[in-house]
Structures are given as C-alpha cells and as structure tokens.
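Close look at the chain arrangement
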Amino acid sequence: MTDKAKQAASSKGLLQSEDLYRYILETSVYPREPEPLKKIRDVTADHPWAMMGTAPDAGQLMAMLLRLVNAKKTIEIGVFTGYSLLLTALTIPEDGQITAIDVNRETYEIGLPIIKKAGVDHKINFIESEALSVLDQLLKYSENEGSFDYAFVDADKDNYCNYHERLMKLLKVGGIAVYDNTLWGGTVAVPEEQVPDHFRGSSRQAILDLNRSLADDPRVQLSHVALGDGITICRRIF
Ligand code: SAM
Ligand code: CA
C-alpha cells in the first residue's frame with residue numbers, strides 16, 4: 001500500500017488519538033484486508049476525492065454483517081471508485097447480486113478493472129442514475145418488496161431519510177441497512193456556531209435529522225458505531 005493510501009485511510013478515524021486508530025488498522029484490519037481492496041485504495045489515493053472511499057475498519061464490520069445475514073441480494077447507493085462495492089462483491093456468494101447506483105460512472109470505472117480482475121463483476125448491476133428514482137422504480141414491481149438482504153447507503157446525505165423509507169420496503173424483515181458518515185467528522189456533537197466551515201451545510205443537518213429519526217423508528221433495531229466517520233446499522237424488525 002502506498003503512503004498516500006495509508007494517510008488517506010488513517011486521517012478518517014474519530015478516535016481521539018491517531019496512533020490508536022493506526023494501531024487498529026495495522027493490527028486487525030490491514031493484515032486481513034483482501035488484496036483487491038488494497039488495490040482499490042491505491043488507485044483511489046491520488047484522486048481529489050480520495051477521502052470519500054469507505055474506511056477499511058468500517059468495511060471490515062460490513063463484511064461481517066453481510067456474512068451474518070447470509071446476504072445474497074444487496075443495494076449499494078454511492079459507489080465512487082468501488083471500495084465498499086468490491087468488498088460486498090467479494091463477500092456475497094457466487095450467485096449473489098448487487099444493484100449498485102451512482103450518478104457518476106467515471107469514478108466507478110477507475111476501480112472496475114480491479115473488480116474484473118477479482119472475478120466478481122458478474123455479481124454487479126451498475127446503474128448510472130440518481131438513486132431515489134431507481135429505488136422508486138424497483139418498488140413498482142411487487143416482487144422486489146422485502147427481497148433485499150442488505151443495503152449500504154453512502155451518497156447524498158440530503159436524501160438519506162428518503163432512502164430509508166424506500167429501503168424499509170425493499171429490505172426483508174431481518175435485512176440490514178448501513179448508513180455511512182453518521183457522525184459527520186464528529187461535528188454532530190459540536191454546537192452549530194463552532195462547527196468548522198467545511199462541515200457546515202445541509203448535509204450535516206440531514207445527518208442530524210437522520211440520527212434523530214432512526215432513533216425514533218420502531219421498524220428497526222439500531223446500532224450507531226464510531227467506526228470510520230460513523231456508521232449506523234439498522235436491522236429491519238417488521
Ligand atoms: N461507498 C463508496 C466507496 O466505498 O468508495 C464511496 C461513495 S462516495 C462517499 C459518494 C458517491 O455518491 C459519489 O460517487 C457520488 O457520485 C454519489 N452520489 C451523490 N449523489 C448521488 C445520488 N443522488 N444518487 C446516486 N449517487 C450519488
Ligand atoms: Ca462515506
């Protein structure tokens with residue numbers, strides 16, 4: 001792994017100490033990270049938006065969740081260069097299917113050669129589109145209702161609550177939705193006037209709204225985890 005890739009990954013943790021975050025990555029995450037995922041991080045490291053790639057420690061938990069629910073049919077909202085997409089494709093069975101949605105095909109194509117080389121591209125149906133209309137389209141066919149085992153949401157934060165409503169219909173009871181960046185650089189707990197400029201705006205407000213609304217949602221079992229930039233795991237219970 002290049003130094004840049006290491007740096008991009010280690011600057012994401014929410015832990016108080018960078019050393020502690022690096023300790024977790026170097027002790028428990030990197031030694032077990034599949035080679036193609038390291039390669040995706042390497043090819044992404046020089047990209048101006050490299051920070052958007054899923055944090056490897058959060059990815060490790062997501063792979064465990066995918067296995068725990070025996071996920072076969074999944075949704076990915078927000079692909080970028082494909083770290084979380086490849087992680088999902090490597091984890092689900094040979095006949096698994098991922099509906100992967102992103103408005104930007106160009107960034108998906110950065111990681112695509114690595115995905116192909118890993119031999120898992122046949123599991124991916126990439127749709128270049130804004131995600132909400134794709135979810136609405138899926139819901140037009142009753143056979144899609146309650147048919148997905150897992151969803152990872154990592155795109156426009158302003159729509160997270162809208163995605164959640166659709167996913168509560170698309171996921172099976174017992175299925176899992178994971179929302180990324182739900183601690184927004186730690187600024188969810190910082191008074192508004194002290195929030196640094198680059199964390200301000202509608203996305204932060206959308207994350208605050210999502211966190212409140214998920215906490216009140218009786219349809220899900222919830223766990224808000226301080227991994228990466230914060231992930232929230234929702235298991236549909238009815
Ligand atoms: N999960 C990715 C990974 O592991 O590298 C990172 C995703 S990145 C944080 C967010 C992505 O969401 C971008 O690639 C962006 O193009 C996409 N996006 C933004 N708004 C979107 C929308 N309305 N519908 C679908 N994709 C969107
Ligand atoms: Ca993210």
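Structure: see above.
Here is a short report on the structure shown in this document. (Residues numbered from 1 in each chain as written. Chains lettered and ligands numbered in written order. Predicted model: local features only at pLDDT ≥ 70, side-chain atom pairs only at ≥ 80, totals over all residues. Heavy atoms only, no water.)

Concerning the packing of aromatic side chains
- Scanning the entire structure with this criterion turns up two aromatic pairs.
- When the centroid spacing of 4.1 Å and the interplanar angle of 5° are considered together, the rings of Tyr-108 and Phe-126 count as stacked. Within this pair, whereas Tyr-108 is found in helix H6 (residues 105–117), its partner Phe-126 is found in strand E3 (residues 124–128), the two being separated by 18 residues in sequence. Of the two residues, Tyr-108 and Phe-126, both sit in the buried class.
- Lying across the ring of Phe-148, Lys-73 places its NZ or CZ 4.4 Å from the centre. (Phe/Tyr/Trp six-rings, centres within 6.5 Å; stacked < 30°, edge-to-face > 60°. Helix = DSSP H or I, 4+ residues; strand = E, 2+ residues; numbered from the N terminus. Buried < 20%, exposed > 50% of the residue type's maximum accessible area, 1.4 Å probe, protein only. Lys NZ or Arg CZ within 6 Å of the ring centre and 35° of its normal.)

Here's the deal with unusual backbone geometry
- For Asn-70, which is not a glycine, the phi torsion comes out positive at approximately 50°.
- One non-glycine residue, Trp-184, lies in positive phi territory at about 40°.
- Looking at the element boundaries, Trp-184 is found in the loop between strand E5 (171–180) and helix H9 (202–215).

Describing the coordination of the calcium ion (ligand 2)
- Bound to the calcium ion (ligand 2) on the protein side are Asp-154 (OD), Asp-154 (OD), Asp-180 (OD) and Asn-181 (OD1), at distances that span 2.2 to 2.9 Å.
- Its relative accessible area of 14% is what places Asp-154 among the buried residues.
- Residue classification places Asn-181 among the buried positions, given a relative accessible area of 14%. (Donors = N, O, S within 2.8 Å, 3.2 Å for Na, K, Ca; no water.)

Section: the site of ligand 1
- What surrounds ligand 1 is a group of 20 residues, the closest being Thr-54, Ser-84, Asp-102, Ala-131 and Asp-154.
- With respect to ligand 1, the side chain of Ser-84 contributes an N or O atom lying 2.9 Å from a nitrogen atom.
- In this structure, a nitrogen atom belonging to ligand 1 sits 3.4 Å away from a main-chain N or O atom of Val-103.
- Computed on the free molecule, ligand 1 has an accessible area of 610 Å², of which 88% lies beneath the protein chains in the complex. (Near = heavy atom within 4 Å. Polar contact = N/O pair within 3.5 Å; in protein donor to acceptor, adjacent residues only side chain to side chain. Areas by Shrake-Rupley, 256 points an atom, 1.4 Å probe, with all protein chains shown as cover.)

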